[in-house]
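Below are the chains, spelled out letter by letter.
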2 protein chains.
Amino acid sequence: MHNPTELQKIIENAIPKIAYPPQPANLYEPIKYIMSLGGKRIRPVMVLMATELFTDEVIKALDVALAIETFHNFTLVHDDIMDNAPLRRGKKTVHEKWGVNNAILSGDVMMVESNKHLSKVDVNVLKPVLDTFNQTAQGVCEGQQLDMEFETRDDVSIEEYIEMIRLKTAVLLGGAMKLGAIVGGADEKNAELLYQFGENLGVAFQLQDDILDVYGDPEKFGKQVGGDIISNKKTFLHLTAKQLIKTEETDILLGNHENTEQKVAVVTDLYNNYGIKELSNTEMKKYLAKAYQALDDLTVEESRKTNLRELTKQIMERES
Amino acid sequence: MHNPTELQKIIENAIPKIAYPPQPANLYEPIKYIMSLGGKRIRPVMVLMATELFTDEVIKALDVALAIETFHNFTLVHDDIMDNAPLRRGKKTVHEKWGVNNAILSGDVMMVESNKHLSKVDVNVLKPVLDTFNQTAQGVCEGQQLDMEFETRDDVSIEEYIEMIRLKTAVLLGGAMKLGAIVGGADEKNAELLYQFGENLGVAFQLQDDILDVYGDPEKFGKQVGGDIISNKKTFLHLTAKQLIKTEETDILLGNHENTEQKVAVVTDLYNNYGIKELSNTEMKKYLAKAYQALDDLTVEESRKTNLRELTKQIMERES
């Protein structure tokens, strides 16, 4: 078995070796660019970890791991266009560097590249691999659609928000786990438990993200603390506060403020008065507990689960 | 065996029955919209025709036909964004109706829908079906990239143009034929011949399009005759004329004109002086002959080929 760092290394080594056609250069350079920007490679590592629960031949899952990482990066390219984002991981976004049309098209071809990686799996598992991947990809698109729609809606409920982050973020973690399980030879029950593990971890992960955005250590967070408050993002914290506050406090949450620093300060105060951080933590832990339950229920030797427990700890204790 | 009209009917009946999730409505409504705008359904009909060369169970290929039609419509949605096109088949384009971000995302999910259709084929042919589809999809994206790049380049050669239309238009017809052949149970040689038939027919089809754009009957053409001349599109006619004309005639082809009508008139005159229509027809017939040769070489009873010969005739004798 490989530890998480070794698995990440396998992915990092494999990515520069992916052979894209040399021409048209402007179609394939953006793919190499976005794929090389790094990140923690959590999703492909999860694929490999799921496979290693069932077999020592982790390399059997490499193509699926690359499919998941390519698909994830494709969503980043298209999401950045939709969000009009100038930067991604501190570097120019693809559409900033190559233009919007080029970014649309390079994204499209990344979807094809994902499918090419996928089609290399053992033909015995090809059909369930495709079904899982397509369902996952569809969910991610639906999540992005809801996320966009929520920006202009004033009546988003907490349930709707959880459903949105489930689709946009969590199903991809669930899908990564299930795909790794299928390639590793898991039976249906274990594959489904690993899907549940990944999906619940994904919701917990995103709730943690929402909390860090307000309560992260500015020295360690990497982004501007309070970014979600400044942009009035309808996060779990925002929606929970909106439900609890007195009518006369609505202006603090939704109104205009002198400047962004002051806005972050008074909204954070409001959150503190209503114990929003604790409520969010409770919600987060609910999903984390479901993830751990799925892991417990998995009919695999406990020693094989160490990596997943370690990864979960790393993800949930992160400060950025 | 079904005649071309019957096959078209099978497609037209199947499209409204595709079950998309009800929510998010704004993600799936654009798909139903673009898929319902019609067109000749040439690509899915070609899939079915290829299948019927080898088996009477044409219905086995319906999912692949729908995959090809969905993929084709996906490319229309994204190409229309890139081309900033307001209309498609006389109706508003998806991005005009739902906005660019929504159109990007609905296009993305159409790619997933194509793959979902594909994954329903018999598992015995799943792998070659995927490989053929992915190679086709990749080629189409490369063709669109080249088409965009040619707009701002002044040194496009005739060979490059042919390669661009091969990728952008012809590989999808080749892919449709090959996919239908695989599903029908064709051996590799026949599948490859049908790919060649489709691809060469596709190049001939596009060259015919270029000719019709200048020499079509205004009563029957459906679009403005001379549109390519007005937009300085680097078609086969334009590039051939550019090679042949005297230096002092360059201004007629590339310079400014009083108005678009006058421009169409004098450029058409220039084309006539150099026999551009005949040269284009010769080139077109070269590819058409290759297509017919592939059809002749096919080791299938001649009576089964009637439909393909009929479709080819219809396509090449069309006036719009």
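Up top is the structure.
Note that this is a predicted model, so its numbers are computed, not measured.

What counts as what
- Residues numbered from 1 in each chain as written.
- Chains lettered and ligands numbered in written order.
- Predicted model: local features only at pLDDT ≥ 70, side-chain atom pairs only at ≥ 80, totals over all residues.
- Heavy atoms only, no water.
- Helix = DSSP H or I, 4+ residues; strand = E, 2+ residues; numbered from the N terminus.
- Rg over C-alpha atoms; globule rule 2.2 N^0.38 Å.
- Buried < 20%, exposed > 50% of the residue type's maximum accessible area, 1.4 Å probe, protein only.
- Contact = heavy atoms within 4.5 Å.
- Areas by Shrake-Rupley, 256 points an atom, 1.4 Å probe, with all protein chains shown as cover.
- Lys, Arg positive; Asp, Glu negative; His and termini not counted.
- Charge placed at Lys NZ, Arg CZ, Asp CG, Glu CD.
- Least-squares fit on C-alpha atoms with pLDDT ≥ 70 in both.
- Polar contact = N/O pair within 3.5 Å; in protein donor to acceptor, adjacent residues only side chain to side chain.
- Expected span 1.5 Å × (residues − 1).
- Buried area = accessible area lost by both parts, 1.4 Å probe.
- Salt bridge = Lys/Arg side-chain N within 4 Å of Asp/Glu carboxyl O.
- Core = buried A, V, L, I, M, F, W, Y, C linked by side-chain atoms within 4.5 Å.

A. Quick peek at the overall build of chain A. Helix and strand content of chain A: 16 helices and two strands. Relative to a compact globule of 320 residues, whose C-alpha radius of gyration would be 20 Å, chain A shows 20 Å and is just as compact. Its C-alpha atoms give chain A principal-axis dimensions of roughly 60 × 50 × 35 Å. Taking all 320 residues of chain A together, the buried fraction comes to 58%. Taking all contacts inside chain A whose residues are at least 6 apart in sequence as the whole, residues at least 24 apart take part in 73%. On chain A, roughly 13,600 Å² of surface is accessible, and the fraction owed to carbon and sulfur atoms is 48%. Taking the 36 positively charged and 50 negatively charged side chains of chain A as two groups, their mean positions are separated by 4 Å.

B. Quick peek at the relation of the copies chain A and chain B. Rotating chain A by 180° and moving it 0.0 Å along the rotation axis overlays it on chain B with an RMSD of 0.0 Å. Between the two chains, the operation in question is that of a two-fold axis. The overlap is high: 100% of the interface residues of chain A also sit at the interface in chain B, so the same surface is used on both sides.

C. The arrangement of the side chain of D213 of chain A in detail. All names here are of chain A. Counting through the fold element by element, D213 comes out in helix α9 (residues 188-215). By relative accessible area, which is 6% here, D213 ends up buried. Reaching out from D213, the side chain makes a polar contact with the backbone nitrogen of G227 at a distance of 3.2 Å. In contact with D213, not counting residues within four places along its chain, are F221, V225, G226, G227, D228 and I229.

D. Structural context of helix α4 (residues 62-82) of chain B. Residue and element names in this part refer to chain B. Taking 1.5 Å of rise per residue, the 21 residues of α4 would be expected to cover 30 Å, and the 30 Å separating its terminal C-alpha atoms lies within 8% of that figure. Counting buried positions along α4 gives 20 out of 21 residues, so the element sits mostly inside the fold. Phi for N84, located one or two positions after α4, is positive at around 55°.

E. Highlighting the side chain of H117 of chain B. Take H117 of chain B: it is sitting in helix α6 (residues 100-118). Excluding its chain neighbours within four sequence positions, the residues that come into contact with H117 of chain B are I18, D63, L66, A67 and T70 of chain B.

F. Region of the structure containing the interface of chain A and chain B. At the interface, 38 residues of chain A touch 38 residues of chain B. Regarding the contact of chain A and chain B, the summed buried area is about 3,300 Å², with carbon and sulfur atoms giving 65% of it. Among the residues chain A hides against chain B, the three largest losses belong to L105, Q138 and Q145 of chain A. Together they make up 17% of the total. Our count for the contact surface shared by chain A and chain B stands at zero salt bridges. Linking chain A to chain B there are 16 residue pairs in polar contact (both at pLDDT 80 or more). For the side of chain A that touches chain B, the secondary-structure elements that each account for two or more residues are α2 (25-36), α4 (62-82), α6 (100-118) and α7 (123-151) of chain A.

G. Examining the nonpolar core more closely. Among the nonpolar cores identified, the biggest contains 196 residues, and M46, F197 and L207 of chain A together with M46, F197 and L207 of chain B are the most heavily contacted of them. What F197 of chain B contacts, discounting residues up to four positions off in sequence, is M46, M177, A291, A294, L295, L308 and T312 of chain B.

H. Inspection of unusual backbone geometry at higher detail. With omega at -5°, the peptide bond leading from Q23 of chain A into P24 of chain A counts as cis. Looking at the secondary structure, you find P24 of chain A in the loop between α1 (4-14) and α2. The backbone of R41 of chain B sits at a positive phi, close to 55°, despite the residue not being glycine. Looking at the secondary structure, you find R41 of chain B in the loop between α2 (25-36) and α3 (42-52). For N232 of chain B, which is not glycine, the phi dihedral falls at a positive 55°.

I. Looking closely at the environment of K189 of chain B. Residue and element names in this part refer to chain B. As for its placement among the helices and strands, K189 is situated in helix α9 (residues 188-215). Accessibility expressed as a relative area gives 57% for K189, which makes it exposed. As for K189 and L298, which are separated by 109 residues in sequence, their C-alpha atoms are 8.3 Å apart.

J. Molecular detail of the pattern of salt bridges. All names here are of chain A. For the structure shown, the criterion picks out 40 salt bridges over all chains. Residue D79 pairs with K168 through a salt bridge whose shortest N-O separation is 4.0 Å. Of this pair, D79 sits in helix α4 while K168 sits in helix α8 (residues 158-184), placing them 89 residues apart in sequence. A residue is classified by how much of its surface remains accessible, and D79, at 11% relative accessible area, is buried. A salt bridge links D147 to K168, with the shortest nitrogen-to-oxygen separation between them at 2.7 Å. Taken together, the residues span a long stretch of sequence, with D147 in helix α7 and K168 in helix α8 at a distance of 21 residues. For K168, a relative accessible area of 23% translates into the label partly exposed. Within the structure, one salt-bridge network assembled from shared partners comprises D296, E302, K305 and R309.

Scope: geometric values only; no functional claims are made or implied.
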